[in-house]
Amino acid sequence: MTQSIHVQIPATSANVGSGFDAVGIALTLYNEIYFTEEANKDHITIEIEGLGKDEIPTIFENNMVGQAMKAAAVKNRQPLPTGGHLKLINRIPPARGLGSSSAALVGGLMIGNALTGNKMSQQDMLSLATSLEGHPDNVAPAICGGLSVSIMVDGKTMTNSILMGQDISFIVVSPQIEVATEEARRALPKTIDYQSAVFNVSRVSFLVSALFTKQYDRIFYGLQDKLHVPYRIRLIPGGEEVLKAAVRAGALGSTISGSGSTLLAFATTDEEKIMNAMIHCFKDHGLESVGHVLKCTNEGAKIIP
Ligand code: HSE
């Protein structure tokens, strides 16, 4: 029987200030992937619609969706169909710190798993996606939804996902410059001092507990970070000023989304005003940008029947 699979994967914002490499949120902006088996073909072709259309590889072996499909087939010890067509509908801006590569990997793993016997559990998927991506904080919310807190134990990813209310908005503004994750990781110091470690441990615990208990006026303090934001914000022209402009316009707090260049603000009111203040501030620093007002989705990637 010819197989057809349709997957929807949410954007994610990793780190969330103080939760470097551990915390991430699934957001209501989605990529979709359609796979159709074509028995008369001897390879899988790729068509891309939307963002990154002209930059993302369309050779199956070089594409992250294709690579993840293969990884799922290897894990399940069952071959993929030899012929088929993938249609990628991309709404998550690529290389901007909103989990576009995680979305490709997670989508590819889900399609690959579905085509090769559905043997992988959500736990298998979490660990495999983390090993492909390198960190759990984007793939975990993309798979589980909500606000995900992840740790690595003996090469396995353990994730707790907290359901988030719809009373809080996440404003994301992506400037036209890309910041590659490798470059953003190179900007980090090799070691940090004891006091900075204590600062971050207390801030991230405070952030997660403030969100869980809906004490949203405390988010500002929970987002404070000494591990990555001070080193990376200088890679984003005007970044510091845009973070401040968001708070001046009424945001509860603001930080870098993932490794950038997108900046993220939390709000319960004045969302459009905050987004426009951020866009205008980027413009003052010579950068065009695109903004979205999003919610957290408590549902991770899913196969659409
Ligand atoms: N935690 C990762 C980082 C997320 O900030 O480098 C981006 O992959």
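See the structure above.
Predicted, not measured: the structure shown is a model, and the values here were computed from it. For every chain, the first residue of its written sequence is number 1, and the numbers climb from 1 along that sequence. Reporting of local features is limited, given that this is a predicted model, to residues whose pLDDT is at least 70; pairs of side-chain atoms are given and counted only at 80 or more, and all residues count toward the totals for whole chains, interfaces and linings. Note that the side-chain values use all heavy atoms of the structure and ignore hydrogens as well as water.

On to the pairing of strand β6 (residues 156-162), then. Pairing of strand β5 (residues 147-153) with β6, which is carried by seven bridges, proceeds in the antiparallel orientation. In the strand pairing of β6, I151 is matched with M158. With antiparallel pairing between neighbouring strands as the criterion, β5 and β6 make up a hairpin whose turn holds two residues, including D154 at a positive phi of roughly 50°. For two strands to pair, DSSP has to find at least two bridges joining them. We count a stretch as a helix when DSSP gives it H or I for four or more residues in a row; a strand needs E for two or more, and each element gets its number in order from the N terminus.

Turning our eyes to something else, we now look at the pairing of strand β4 (residues 84-90). The element β4 is extensively covered by neighbouring structure, given that five of its seven residues are classed as buried. In the sheet, strand β2 (residues 23-37) pairs with β4 via six bridges, with the strands oriented antiparallel. Paired with E32 across the two strands is I89, which belongs to β4. Relative to β4, strand β3 (residues 44-50) runs parallel, the two being bridged by seven bridges. From the neighbouring strand, T45 faces β4, where its bridge partner is H85. Note on the crossover from β3 through helix α1 (residues 64-76) to β4: the handedness is left-handed. Exposure categories follow from relative accessible area, calculated using a 1.4 Å probe and restricted to protein chains: below 20% of the type maximum is buried, above 50% is exposed, and the middle band is partly exposed. Clockwise travel from the first strand over the helix to the second, with the strands pointing away from the viewer, marks a crossover as right-handed.

Right, let's get into the sheet that holds strand β7 (residues 169-175). If you walk across this open sheet you meet the four strands as β8-β9-β7-β10, and the pairing is antiparallel. Edge positions in the sheet fall to β8 (253-256) and β10 (289-294), since each of these pairs with one other strand and no more. With strand direction ignored, the average angle separating the axes of adjacent strands in the sheet is 20°. When β7 meets β10, the two strands line up antiparallel, connected through six bridges. Residue pairing in the sheet places V173 in a bridge with G291 of β10. Pairs of residues are marked as contacts when any of their non-hydrogen atoms sit within 4.5 Å. Axis geometry follows a simple rule: fit a line to the C-alpha atoms, using only the stretch in contact for helices, then measure angles between N-to-C directions, giving values from 0 to 180 degrees. Strands in contact with helix α9 (residues 239-248) are β8 and β9 (263-267); relative to β8, the strand with the most contacts, it is inclined by about 155°. Contacts between helix α10 (residues 271-284) and the sheet are confined to β7, β9 and β10, with β7 contributing the most and set at about 20° to the helix.

By themselves, these figures tell us nothing about what the structure is for.
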